[in-house]
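Results of the structural survey
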Amino acid sequence: MSRRVSVFPSPQELGPALAQLVAQRAAGSGGRFSLGLSGGSLVALLARDLPAALPGGGGGDEPWLVAFCDERLVPPEHPESTSGAYEAQLLPRLPGPKPRVLSVTPGLSPHDAAADYAAKLREAFRGASVPVFDLLILGVGPDGHTCSLFPDHPLLKEEEKIVAAITDSPKPPPERITLTLPVLNAARTVVFVATGGGKAAVLKRILEGAEQNPLPAARVQPHTGQLHWFLDEAAAAELSIPLEKHSVL
(Lines give C-alpha, C1' and ligand atoms only; values in the text may rest on other atoms or scores of the structure.)
Protein backbone atom coordinates (compact mmCIF):
# COMPACT_ATOMS: atom_id res chain seq x y z
CA MET A 1 0.00 0.00 0.00
CA SER A 2 1.17 3.51 -0.81
CA ARG A 3 -0.17 6.53 1.09
CA ARG A 4 -0.25 10.15 -0.04
CA VAL A 5 -1.52 13.08 2.01
CA SER A 6 -2.43 16.13 -0.05
CA VAL A 7 -3.35 19.47 1.50
CA PHE A 8 -5.26 22.26 -0.21
CA PRO A 9 -5.93 25.82 0.97
CA SER A 10 -9.70 25.20 1.21
CA PRO A 11 -12.47 22.92 -0.05
CA GLN A 12 -12.77 25.18 -3.10
CA GLU A 13 -9.36 23.98 -4.30
CA LEU A 14 -9.73 20.44 -3.00
CA GLY A 15 -12.91 19.76 -4.96
CA PRO A 16 -11.48 20.15 -8.48
CA ALA A 17 -8.42 18.06 -7.55
CA LEU A 18 -10.66 15.26 -6.27
CA ALA A 19 -12.74 15.47 -9.43
CA GLN A 20 -9.60 15.18 -11.55
CA LEU A 21 -8.56 12.07 -9.63
CA VAL A 22 -11.97 10.48 -10.28
CA ALA A 23 -11.69 11.35 -13.98
CA GLN A 24 -8.17 9.87 -14.18
CA ARG A 25 -9.21 6.64 -12.47
CA ALA A 26 -12.24 6.34 -14.74
CA ALA A 27 -10.15 6.88 -17.86
CA GLY A 28 -7.58 4.34 -16.69
CA SER A 29 -10.01 1.63 -15.63
CA GLY A 30 -9.74 -0.20 -18.95
CA GLY A 31 -13.45 -0.97 -19.04
CA ARG A 32 -16.23 -0.60 -16.52
CA PHE A 33 -15.33 1.93 -13.81
CA SER A 34 -16.59 0.99 -10.34
CA LEU A 35 -17.04 3.84 -7.87
CA GLY A 36 -18.16 3.74 -4.24
CA LEU A 37 -19.51 7.00 -2.83
CA SER A 38 -20.01 8.29 0.70
CA GLY A 39 -22.52 10.94 1.70
CA GLY A 40 -22.50 14.07 3.80
CA SER A 41 -20.57 17.08 2.49
CA LEU A 42 -19.04 14.96 -0.29
CA VAL A 43 -22.30 15.07 -2.25
CA ALA A 44 -22.27 18.82 -2.81
CA LEU A 45 -18.51 18.86 -3.40
CA LEU A 46 -18.67 16.22 -6.13
CA ALA A 47 -21.83 17.70 -7.64
CA ARG A 48 -20.04 21.03 -7.95
CA ASP A 49 -16.78 19.82 -9.47
CA LEU A 50 -17.03 16.33 -11.00
CA PRO A 51 -19.21 16.92 -14.10
CA ALA A 52 -16.87 19.65 -15.37
CA ALA A 53 -13.81 17.41 -14.90
CA LEU A 54 -15.14 14.66 -17.15
CA PRO A 55 -14.76 14.72 -20.93
CA GLY A 56 -17.89 15.08 -23.02
CA GLY A 57 -18.16 11.32 -23.33
CA GLY A 58 -17.87 10.79 -19.59
CA GLY A 59 -15.61 7.99 -18.40
CA GLY A 60 -15.78 6.00 -21.63
CA ASP A 61 -18.30 3.96 -23.60
CA GLU A 62 -19.18 1.60 -20.78
CA PRO A 63 -21.52 2.83 -18.03
CA TRP A 64 -19.99 3.40 -14.62
CA LEU A 65 -21.00 1.17 -11.73
CA VAL A 66 -21.88 3.40 -8.78
CA ALA A 67 -22.48 2.02 -5.30
CA PHE A 68 -22.71 3.57 -1.85
CA CYS A 69 -20.25 2.92 0.94
CA ASP A 70 -23.01 3.12 3.50
CA GLU A 71 -26.64 4.12 3.59
CA ARG A 72 -29.08 5.32 6.18
CA LEU A 73 -32.26 3.26 6.08
CA VAL A 74 -34.63 6.07 5.23
CA PRO A 75 -36.81 6.60 2.12
CA PRO A 76 -34.88 7.80 -0.97
CA GLU A 77 -36.60 11.19 -0.82
CA HIS A 78 -35.53 11.72 2.82
CA PRO A 79 -32.82 14.39 3.26
CA GLU A 80 -30.63 11.85 5.10
CA SER A 81 -30.61 9.43 2.14
CA THR A 82 -27.17 9.22 0.52
CA SER A 83 -28.43 7.65 -2.70
CA GLY A 84 -31.30 10.13 -2.87
CA ALA A 85 -28.89 13.06 -2.53
CA TYR A 86 -26.64 11.77 -5.32
CA GLU A 87 -29.62 10.99 -7.56
CA ALA A 88 -30.83 14.56 -7.09
CA GLN A 89 -27.55 16.46 -7.24
CA LEU A 90 -24.86 14.55 -9.18
CA LEU A 91 -25.79 11.45 -11.13
CA PRO A 92 -28.11 13.05 -13.74
CA ARG A 93 -25.34 15.56 -14.54
CA LEU A 94 -22.64 13.02 -15.40
CA PRO A 95 -21.81 12.97 -19.12
CA GLY A 96 -21.71 9.75 -21.08
CA PRO A 97 -23.82 6.62 -20.61
CA LYS A 98 -26.16 6.63 -17.63
CA PRO A 99 -24.38 4.89 -14.75
CA ARG A 100 -25.60 1.62 -13.27
CA VAL A 101 -26.50 2.62 -9.72
CA LEU A 102 -26.76 0.08 -6.91
CA SER A 103 -29.18 1.55 -4.39
CA VAL A 104 -30.52 0.03 -1.20
CA THR A 105 -33.98 -1.48 -1.57
CA PRO A 106 -36.36 0.66 0.53
CA GLY A 107 -38.59 -0.76 3.22
CA LEU A 108 -36.45 -3.73 4.32
CA SER A 109 -35.24 -4.45 7.83
CA PRO A 110 -31.58 -3.58 8.44
CA HIS A 111 -30.41 -7.19 8.18
CA ASP A 112 -32.52 -7.89 5.09
CA ALA A 113 -31.32 -4.64 3.50
CA ALA A 114 -27.69 -5.61 4.13
CA ALA A 115 -28.19 -9.10 2.67
CA ASP A 116 -30.01 -7.66 -0.34
CA TYR A 117 -27.28 -5.10 -0.99
CA ALA A 118 -24.59 -7.76 -0.64
CA ALA A 119 -26.42 -9.83 -3.25
CA LYS A 120 -26.50 -6.83 -5.61
CA LEU A 121 -22.76 -6.34 -5.17
CA ARG A 122 -22.02 -10.02 -5.76
CA GLU A 123 -24.06 -9.93 -8.96
CA ALA A 124 -22.22 -6.80 -10.11
CA PHE A 125 -18.79 -8.23 -9.21
CA ARG A 126 -19.32 -11.77 -10.40
CA GLY A 127 -16.62 -14.24 -9.54
CA ALA A 128 -15.12 -12.12 -6.76
CA SER A 129 -15.41 -13.28 -3.16
CA VAL A 130 -14.92 -9.64 -2.16
CA PRO A 131 -15.84 -6.79 -4.55
CA VAL A 132 -12.81 -4.85 -5.79
CA PHE A 133 -13.77 -1.24 -6.49
CA ASP A 134 -11.64 0.92 -8.75
CA LEU A 135 -12.21 3.86 -6.39
CA LEU A 136 -13.85 4.42 -3.02
CA ILE A 137 -14.38 7.97 -1.74
CA LEU A 138 -14.70 8.06 2.04
CA GLY A 139 -15.29 10.68 4.68
CA VAL A 140 -14.18 10.66 8.30
CA GLY A 141 -16.02 11.91 11.36
CA PRO A 142 -14.58 13.82 14.31
CA ASP A 143 -14.73 10.53 16.23
CA GLY A 144 -12.72 8.71 13.55
CA HIS A 145 -15.65 6.79 12.05
CA THR A 146 -15.86 6.12 8.33
CA CYS A 147 -18.79 4.69 6.38
CA SER A 148 -21.00 3.49 9.26
CA LEU A 149 -18.09 1.85 11.06
CA PHE A 150 -17.84 3.47 14.49
CA PRO A 151 -15.15 3.30 17.20
CA ASP A 152 -15.26 0.19 19.41
CA HIS A 153 -18.19 -1.27 17.44
CA PRO A 154 -18.27 -5.05 16.86
CA LEU A 155 -18.53 -4.49 13.08
CA LEU A 156 -14.86 -3.52 13.07
CA LYS A 157 -14.12 -7.23 13.54
CA GLU A 158 -16.42 -8.41 10.75
CA GLU A 159 -14.44 -10.53 8.30
CA GLU A 160 -17.07 -12.61 6.48
CA LYS A 161 -19.82 -10.23 5.39
CA ILE A 162 -19.22 -7.66 2.66
CA VAL A 163 -22.22 -5.56 3.77
CA ALA A 164 -23.34 -5.37 7.39
CA ALA A 165 -26.37 -3.97 9.17
CA ILE A 166 -26.10 -1.56 12.05
CA THR A 167 -29.07 -0.86 14.31
CA ASP A 168 -27.35 1.14 17.04
CA SER A 169 -25.47 3.87 15.19
CA PRO A 170 -24.28 6.48 17.70
CA LYS A 171 -25.00 9.04 14.99
CA PRO A 172 -28.67 9.26 13.92
CA PRO A 173 -30.46 7.70 12.19
CA PRO A 174 -29.59 4.49 14.09
CA GLU A 175 -30.45 1.98 11.34
CA ARG A 176 -27.98 1.75 8.47
CA ILE A 177 -26.05 -0.63 6.29
CA THR A 178 -22.34 -0.31 5.56
CA LEU A 179 -19.56 -1.82 3.53
CA THR A 180 -17.18 -3.71 5.80
CA LEU A 181 -13.42 -3.38 6.18
CA PRO A 182 -12.66 -6.34 3.87
CA VAL A 183 -14.32 -4.44 1.01
CA LEU A 184 -12.67 -1.13 1.86
CA ASN A 185 -9.26 -2.78 2.00
CA ALA A 186 -9.73 -4.63 -1.29
CA ALA A 187 -10.18 -1.44 -3.34
CA ARG A 188 -7.64 -0.38 -5.96
CA THR A 189 -7.75 3.22 -4.71
CA VAL A 190 -9.26 4.72 -1.55
CA VAL A 191 -9.54 8.48 -1.09
CA PHE A 192 -10.41 10.02 2.26
CA VAL A 193 -11.70 13.59 2.20
CA ALA A 194 -11.66 15.70 5.37
CA THR A 195 -12.08 19.44 5.76
CA GLY A 196 -12.37 21.87 8.64
CA GLY A 197 -10.63 22.41 11.93
CA GLY A 198 -13.04 20.07 13.70
CA LYS A 199 -11.21 17.14 12.07
CA ALA A 200 -7.65 18.24 12.95
CA ALA A 201 -7.28 16.37 16.25
CA VAL A 202 -8.65 13.06 14.99
CA LEU A 203 -6.58 13.24 11.81
CA LYS A 204 -3.43 13.50 13.90
CA ARG A 205 -4.46 10.30 15.70
CA ILE A 206 -5.31 8.50 12.45
CA LEU A 207 -2.30 9.55 10.40
CA GLU A 208 0.39 9.79 13.07
CA GLY A 209 -0.76 7.55 15.89
CA ALA A 210 0.05 3.89 16.45
CA GLU A 211 -2.85 3.00 18.70
CA GLN A 212 -3.44 -0.54 19.94
CA ASN A 213 -7.14 -0.12 19.14
CA PRO A 214 -7.04 1.96 15.93
CA LEU A 215 -9.92 4.21 15.00
CA PRO A 216 -12.09 2.90 12.15
CA ALA A 217 -10.59 5.21 9.52
CA ALA A 218 -7.07 4.15 10.56
CA ARG A 219 -8.03 0.53 9.81
CA VAL A 220 -8.51 1.33 6.12
CA GLN A 221 -5.22 0.13 4.65
CA PRO A 222 -5.78 -1.19 1.11
CA HIS A 223 -3.92 -4.49 0.74
CA THR A 224 -2.55 -3.80 -2.73
CA GLY A 225 -4.12 -0.45 -3.60
CA GLN A 226 -3.39 3.21 -3.10
CA LEU A 227 -4.53 5.34 -0.18
CA HIS A 228 -4.96 9.08 -0.67
CA TRP A 229 -5.94 11.69 1.89
CA PHE A 230 -7.33 14.98 0.57
CA LEU A 231 -7.37 17.60 3.34
CA ASP A 232 -7.76 21.32 3.59
CA GLU A 233 -5.31 23.39 5.63
CA ALA A 234 -7.64 23.61 8.62
CA ALA A 235 -8.02 19.83 8.85
CA ALA A 236 -4.25 19.31 8.44
CA ALA A 237 -3.27 21.96 11.01
CA GLU A 238 -1.93 19.52 13.64
CA LEU A 239 -0.04 17.15 11.33
CA SER A 240 3.75 16.91 11.37
CA ILE A 241 4.18 14.15 8.76
CA PRO A 242 5.37 15.03 5.21
CA LEU A 243 2.55 16.58 3.22
CA GLU A 244 1.98 17.40 -0.43
CA LYS A 245 0.86 21.02 -0.29
CA HIS A 246 -1.10 22.46 -3.18
CA SER A 247 -1.47 26.19 -3.66
CA VAL A 248 -4.24 28.04 -5.46
CA LEU A 249 -3.91 27.48 -9.20
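Heads up: these notes are all about the structure in this document. It should be emphasised that the depicted structure is a prediction, and the values quoted were computed from it without experimental measurement.

Quick look at the pattern of salt bridges now. In the structure shown here, the tally under the stated rule is 10 salt bridges. For Glu-123, the salt bridge is made with Arg-100, and the minimal N-O distance between the two is 2.5 Å. With Glu-123 in helix H4 (residues 110-124) and Arg-100 in strand S5 (residues 100-101), this pair connects stretches of sequence that are 23 residues apart. Glu-211 is paired through a salt bridge with Arg-205; the nearest N and O atoms lie 2.7 Å apart. Among the residues examined, Glu-211 registers a relative accessible area of 30% and is labelled partly exposed.

Looking now at the sheet that holds strand S4 (residues 70-72). Strand pairs in the sheet, formed through backbone hydrogen bonds, run parallel or antiparallel to each other. If you trace the three strands from one edge of the open sheet to the other, you get S4-S8-S7, paired in antiparallel fashion. Here the strands that pair on one side only, and so sit at the sheet edges, are S4 and strand S7 (163-166). On average, each strand axis in the sheet is inclined to that of its neighbour by 20 degrees, with strand direction left out of account. One ladder, built from three bridges, connects S4 with strand S8 (residues 176-179); its direction is antiparallel. Each residue of the ladder has a partner; that of Arg-72, found in S8, is Arg-176. Along the sheet face, H4 touches S7 and S8 and points at about 165 degrees away from the line of S7.

Going through the model one piece at a time under the given rule, you end up with five aromatic pairs. Each ring, one from Phe-33 and one from Trp-64, has its centre 4.9 Å from the other, and the planes form 75 degrees; the classification is edge-to-face. Of the two residues, Phe-33 sits in the loop between helix H1 (11-27) and strand S2 (34-37) while Trp-64 sits in the loop between helix H2 (41-53) and strand S3 (65-68), which places them 31 residues apart along the sequence. Assessed through its relative accessible area of 6%, Trp-64 is described here as buried. Just above the ring of Phe-125 sits the side chain of Arg-32; from NZ or CZ to the centre is 4.9 Å.

Okay, the pairing of S8 next. Along any regular strand the residues' side chains alternate between the sheet's two faces. Where burial is concerned, the two faces of S8 agree: the one with Arg-176 and Thr-178 and the one with Ile-177 and Leu-179 are both buried. Alignment of S7 against S8, held across four bridges, turns out to be antiparallel. Bridge pairing links Ala-164 to Thr-178 in S8.

Attention shifts here to the sheet that holds S3. Across the sheet, which stays open at both edges, the eight strands sit in the order S5-S3-S2-S6-S9-S10-S1-S11 with parallel pairing between neighbours. At either end of the open sheet lies a strand with only one pairing partner, and these are S5 and strand S11 (244-245). Where strand S6 (residues 135-139) meets strand S9 (residues 189-194), four bridges bridge the pair, whose relative direction is parallel. Residue Leu-138 lies in a different strand from S9, and its bridge partner there is Phe-192. Running at roughly 160 degrees to strand S10 (residues 226-232), H1 makes contact with strand S1 (2-8), S6, S9 and S10 of the sheet. The strands touched by helix H6 (residues 200-208) are S1, S9 and S10; relative to S10, the strand with the most contacts, the crossing angle is about 155 degrees.

This brings us to H6. Where H6 is concerned, the buried positions are Ala-200, Val-202, Leu-203, Ile-206 and Leu-207. Taken around the axis of H6, the buried residues stretch over an arc of 155 degrees, which confines them to a single face. Each element contacted by the buried residues of H6 is listed here: S1, S9 and S10.

Here we come to unusual backbone geometry. Between Pro-172 and Pro-173 the backbone carries a cis peptide bond, its omega angle lying at -5 degrees. In this fold, Pro-173 is placed in the loop between S7 and S8. Here Asp-152, not a glycine, exhibits a phi torsion of approximately 65 degrees, which is positive. Following the sequence through the fold, Asp-152 ends up in the loop between S6 and S7. The exposure class assigned to Asp-152 is exposed, which follows from its relative accessible area of 60%.

What follows is about the side chain of Ser-148. Relative to the elements of secondary structure, Ser-148 occurs in the loop between S6 and S7. On the basis of relative accessibility, which here comes to 0%, the residue Ser-148 falls in the buried class. In this structure the side chain of Ser-148 is engaged in a polar contact, spanning 2.7 Å, whose partner is the side chain of Asp-70. Contact partners of Ser-148, with chain neighbours within four places excluded, come to Asp-70, Ile-166, Arg-176, Ile-177 and Thr-178.

Residue placement: Leu-243 occurs in the loop between S10 and S11. Dropping the residues within four chain positions of it, Leu-243 is found in contact with Val-5 and Val-7.

Definitions and cut-offs
Residues numbered from 1 in each chain as written. Predicted model: local features only at pLDDT ≥ 70, side-chain atom pairs only at ≥ 80, totals over all residues. Heavy atoms only, no water. Salt bridge = Lys/Arg side-chain N within 4 Å of Asp/Glu carboxyl O. Helix = DSSP H or I, 4+ residues; strand = E, 2+ residues; numbered from the N terminus. Buried < 20%, exposed > 50% of the residue type's maximum accessible area, 1.4 Å probe, protein only. Pairing = 2+ DSSP bridges. Axes fitted to C-alpha atoms, helices over the stretch in contact; angles between N-to-C directions. Contact = heavy atoms within 4.5 Å. Phe/Tyr/Trp six-rings, centres within 6.5 Å; stacked < 30°, edge-to-face > 60°. Lys NZ or Arg CZ within 6 Å of the ring centre and 35° of its normal. Arc of directions from axis to C-beta. Polar contact = N/O pair within 3.5 Å; in protein donor to acceptor, adjacent residues only side chain to side chain.

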